[in-house]
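# Overview (structure and organization)
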Amino acid sequence: MKFDYEVGTMIELPRAALTADKIAEHASFFSFGTNDLTQTTFGLSRDDSGRFLPAYVDRKILADDPFQVLDREGVGQLVRMGAERGRSVKPNLKVGICGEHGGDPQSIAFCNEIGLNYVSCSPYRVPVARLAAAQASLEAEAKATAERAIEEQAQEAAVA
């Protein structure tokens, strides 16, 4: 009896994101575990950070709680680099995130911007995630349409 299946991997540590090209040789897909990736990138325990992260956000040390909204500058760049490096080896590699960030609209918009294929989140966050994914897709389409229109106007002006 033959079974068709794919084996993917969780990318949960900064080193895994940085060596994603090597990992992609052996994986059918990547799922970035953003909860653990956030913990290891920031060097924070999610269990302990609730005691001080609200003060960091209140004092504008951090814009958002990085366990609620994906940190684009740090964790997000690791996800971006990991996806790019993985796809440099396997151009059609499916890549997504799993964790609480998968249900956050800002994080979903970022995932759409960098070309991820999916998000996975807690069941109670699925309705919000679906709406946020649709909004991100529509916004990206509107932006692309506007950019094409500007480019066409510039070309017409150059010809005239």
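Scroll up for the structure.
An account of the accompanying structure is given in this report.

## A few points about the overall build of the protein
In terms of helices and strands, the protein carries eight helices and four strands. Helices and strands in the protein line up, N terminus first, as β-α-α-β-α-α-α-α-β-α-β-α. Overall, the protein is about 65 × 60 × 30 Å in size when its C-alpha atoms are taken along their principal axes. Relative to its 160 residues, the protein shows a buried fraction of 33%. Total accessible area on the protein is roughly 10,100 Å²; 53% of this is exposed by carbon and sulfur atoms. A gap of 4 Å separates the mean positions of the 17 positive and 23 negative side-chain charges of the protein.

## Examining the side chain of S31
Position of S31 relative to the elements: it lies in strand β2 (residues 29–33). Judged by its relative accessible area of 7%, S31 falls in the buried class. Residues contacting S31, with those up to four places away along its chain left out, are T9, M10, I11, G96, I97, C98 and Y118.

## Brief notes about the sheet that holds strand β4 (residues 118–120)
Two orientations exist for strands paired in a sheet by backbone hydrogen bonds: parallel and antiparallel. Read across the sheet, four strands follow the order β1-β2-β3-β4 without closing on themselves; strand pairing throughout is parallel. Sheet topology places β1 (9–11) and β4 at the edges, where each strand pairs with a single neighbour. Across the sheet, the axes of successive neighbouring strands diverge by a mean angle of 30°, strand direction being ignored. Where β2 meets strand β3 (residues 94–98), five bridges bridge the pair, whose relative direction is parallel. What sits directly across from S31, in β3, is G96. The sheet contacts of helix α3 (residues 34–42) involve β2 and β3, and relative to β2 the element is tilted by about 55°.

## Here we look at the packing of aromatic side chains
Evaluation of the coordinates by the stated rule reveals two aromatic pairs. Consider the rings of F52 and Y56, whose centres lie 5.3 Å apart with planes at 50°: the pair is tilted. By relative accessible area, F52 is classed as partly exposed at 27%. Under the relative-accessibility criterion, Y56 is labelled partly exposed at 33%.

Calculation criteria
Residues numbered from 1 in each chain as written. Predicted model: local features only at pLDDT ≥ 70, side-chain atom pairs only at ≥ 80, totals over all residues. Heavy atoms only, no water. Helix = DSSP H or I, 4+ residues; strand = E, 2+ residues; numbered from the N terminus. Buried < 20%, exposed > 50% of the residue type's maximum accessible area, 1.4 Å probe, protein only. Areas by Shrake-Rupley, 256 points an atom, 1.4 Å probe, with all protein chains shown as cover. Lys, Arg positive; Asp, Glu negative; His and termini not counted. Charge placed at Lys NZ, Arg CZ, Asp CG, Glu CD. Contact = heavy atoms within 4.5 Å. Pairing = 2+ DSSP bridges. Axes fitted to C-alpha atoms, helices over the stretch in contact; angles between N-to-C directions. Phe/Tyr/Trp six-rings, centres within 6.5 Å; stacked < 30°, edge-to-face > 60°.

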